[in-house]
Amino acid sequence: MKEKTIGIILNKKEKEILKLLAGGFSDSEIGEELGKSYHTIRGVIYDMERRTGTTNRPHLIYWAFKNGVLKVE
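This write-up is about the structure you can find in this document. Bear in mind the structure is a predicted one, so any value in this text is a computation, not a measurement. (Residues numbered from 1 in each chain as written. Predicted model: local features only at pLDDT ≥ 70, side-chain atom pairs only at ≥ 80, totals over all residues. Heavy atoms only, no water.)

## Here we look at the packing of helix H1 (residues 12-22) against helix H4 (residues 57-66)
Using the following cut-off: Only the stretch in contact is used when fitting a helix axis, every axis being a line fitted to C-alpha atoms; angles between N-to-C directions are given from 0 to 180 degrees. Numbering of helices and strands runs from the N terminus, with a helix taken as a DSSP run of H or I at least four residues long and a strand as a DSSP run of E at least two residues long. When describing relative orientation, an angle under 35 degrees is termed roughly parallel and one over 145 degrees roughly antiparallel, while 65 to 115 degrees is termed roughly perpendicular and anything else oblique. Crossing handedness: left-handed means the near helix sits turned counterclockwise from the far one by under a right angle, and right-handed means the same turn made clockwise. Contacts: residue pairs with any heavy atoms within 4.5 Å of one another. Residues were grouped as follows: Ala, Val, Leu, Ile, Met, Phe, Trp, Tyr, Cys and Pro as nonpolar; Asp, Glu, Lys and Arg as charged; and all remaining residues, including Gly, as polar.
In the contact formed by H1 and H4, the axes pass within 10 Å of each other and the chain directions differ by 115°. When the axes of H1 and H4 are compared, the pair comes out roughly perpendicular. In this structure, H1 meets H4 at a crossing whose hand is left-handed. Only Arg57, Leu60, Ile61, Ala64 and Phe65 of H4 make contact with H1, whose side of the interface consists of Leu18, Leu21 and Ala22. Here the contact of H1 with H4 is composed, by residue class, of 7 nonpolar, no polar and 1 charged.

Below you can see the structure in the form of structure tokens.
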């Protein structure tokens, strides 16, 4: 699947999940941090991968930095 960049809009919660994912947090840890279930976090990440055309989590994180969704702090 090819990466998509035009018209992809991520909401605040998705951006927060991406930031934690990029910080090395596991799905369970992200869920605990945000008060969501492990399965909810997995579903959100899967949906972001599908919408962005990425194939896995490292690719999703790369996409987020490349497209300015995440920035180096």
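## Things to note about the pattern of salt bridges
Quick reminder of the rule: Put simply, a salt bridge is a Lys or Arg side-chain nitrogen that is within 4 Å of an Asp or Glu carboxyl oxygen. Three labels apply to residues, based on accessible area from a 1.4 Å probe with only protein chains included: buried if under 20% of the type maximum, exposed if over 50%, partly exposed otherwise in between.
For the coordinates displayed, the defined rule picks out 6 salt bridges. Across the pair Asp27 and Arg57 runs a salt bridge whose closest N-O atoms are separated by 2.5 Å. One end of the pair, Asp27, is in helix H2 (residues 27-34); the other, Arg57, is in helix H4, with 30 residues separating them in the sequence. Here Asp27 falls in the buried class, since its relative accessible area comes to 9%. Between Asp47 and Arg50 there is a salt bridge, and its shortest N-O distance comes to 2.5 Å. Residue Asp47 and its partner Arg50 are located together in helix H3 (residues 38-52), separated by 3 residues, close to a single helical turn. By relative accessible area, which is 23% here, Asp47 ends up partly exposed. One salt-bridge network, held together by shared partners, links Glu14, Asp47, Arg50 and Arg51.

## A look at the nonpolar core
Grouped burial of nonpolar side chains is what soluble globular proteins tend to show. Our working rule: The criterion is simple. A nonpolar core is a set of buried Ala, Val, Leu, Ile, Met, Phe, Trp, Tyr and Cys residues joined through side-chain atoms within 4.5 Å.
Ile17, Leu18, Ile30, Ile45 and Met48 are the most contacted members of the largest nonpolar core, which has 15 residues in total. When contributions to this core are tallied by element, the ones reaching two or more residues are H1, H2, H3 and H4. If we ignore the near neighbours within four places in the chain, the residues touching Ile17 are Ile30, Leu34, Ile41, Val44, Ile45 and Met48.

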